[in-house]
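Survey of secondary and tertiary structure
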Amino acid sequence: MTDSTARPAGPRFDLPQTDDHTEKWWQALNEGRLLLEQCVPCGHLYFYPRGMCPLCWSEEVEWVRASGRGRVYTYSVVHLNDLPPFRDRLPYVVAMVDLEEGPRITANLDGADPAVVEIGLPVVLRPRRLDDRYSAPEFVPEVTA
């Protein structure tokens, strides 16, 4: 007897498409570290990884480890998404997070009731394992003592 609720195997829409430059960022994330790029000449710290400074266009950039802490800048609660594996997580929260270091990143927010998420909520990085090679950036509410 087969389970009529089982979903057929198919394409995954949560795996990244990387290149030589961004692969280092994805590897670090898979190890639980969040990296940002910083321009050596002008000092600008930014996200998303692109191999050149968006301010002065210098290609002399370096990876800098971020704390993984930030605050929700804005968010949206997703109630409808039929793409695997997102449909199995409904409803979920997608948030823009202002990192402690300054740059803003968009990622899912896990571990919070969507009804109580609010702008300014302190969050901390907890990457979501996608497979053996990749994790996605994901944040959870920061527990304060």
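What comes next concerns the included structure.

The rules behind each value
- Residues numbered from 1 in each chain as written.
- Predicted model: local features only at pLDDT ≥ 70, side-chain atom pairs only at ≥ 80, totals over all residues.
- Heavy atoms only, no water.
- Pairing = 2+ DSSP bridges.
- Helix = DSSP H or I, 4+ residues; strand = E, 2+ residues; numbered from the N terminus.
- Contact = heavy atoms within 4.5 Å.
- Axes fitted to C-alpha atoms, helices over the stretch in contact; angles between N-to-C directions.
- 1 Å grid on protein atoms, 1.4 Å probe; cavity = no way out; pocket = protein on both sides within 12 Å on 5 of 7 lines; lining within 4 Å.
- Points joined across faces, edges and corners; volume = space filled by probe spheres on them.
- Nonpolar A, V, L, I, M, F, W, Y, C, P; charged D, E, K, R; others polar.
- Core = buried A, V, L, I, M, F, W, Y, C linked by side-chain atoms within 4.5 Å.
- Buried < 20%, exposed > 50% of the residue type's maximum accessible area, 1.4 Å probe, protein only.

Thoughts on the sheet that holds strand S3 (residues 61-66)
Pairing is antiparallel in the open sheet, where three strands are placed in the order S2-S1-S3. Unpaired on one side and paired on the other, strand S2 (45-46) and S3 mark the two borders of the sheet. Summarising the sheet, strand S1 (residues 34-39) and S2 pair through two bridges and their orientation is antiparallel. By the bridge assignment for S2, glutamine 38 is matched with leucine 45. Of the strands in this sheet, S1 and S3 are in contact with helix H1 (residues 23-30), which crosses S1 at around 145°.

Observations regarding the sheet that holds strand S6 (residues 104-109)
With mixed pairing, the five strands of this closed barrel are ordered in space as S4-S5-S6-S10-S7. Looking at each pair of strands side by side, their axes are set apart by 50° on average, direction ignored. Two elements, strand S5 (residues 92-99) and S6, share six bridges in a ladder whose sense is antiparallel. Counterpart to methionine 96 in the pairing with S6 is threonine 106.

Concerning the layout of surface pockets
Here the largest pocket is characterised by a volume of approximately 200 Å³. Around the largest pocket, the lining residues are Asp14, Phe86, Arg89, Val94, Thr106, Ala107, Asn108, Arg128, Leu130, Ala136, Pro137 and Glu138. Considering every element that reaches the lining of the largest pocket, the biggest residue donor is S6, with three residues. When grouped by side-chain class, the residues that make up the lining of the largest pocket number six nonpolar, two polar and four charged.

Points about the environment of valine 124
Structurally, the position occupied by valine 124 is in strand S7 (residues 122-125). Separated by 81 residues in the primary sequence, valine 124 and glycine 43 place their C-alpha atoms 24 Å from one another. When neighbours within four sequence positions are excluded, valine 124 is seen to be in contact with Gly68, Arg69, Glu138, Phe139, Val140 and Glu142.

Observations concerning the nonpolar core
Leu109 and Phe139 are the most contacted members of the largest nonpolar core, which totals 25 residues. Among the secondary structure elements, those contributing two or more residues to this core are H1, S1, S5, S6 and S7. Not counting residues within four places of it along the chain, the set of residues in contact with leucine 109 comprises Val72, Val93, Ala95, Val117, Leu121, Val123, Phe139, Val140 and Pro141.

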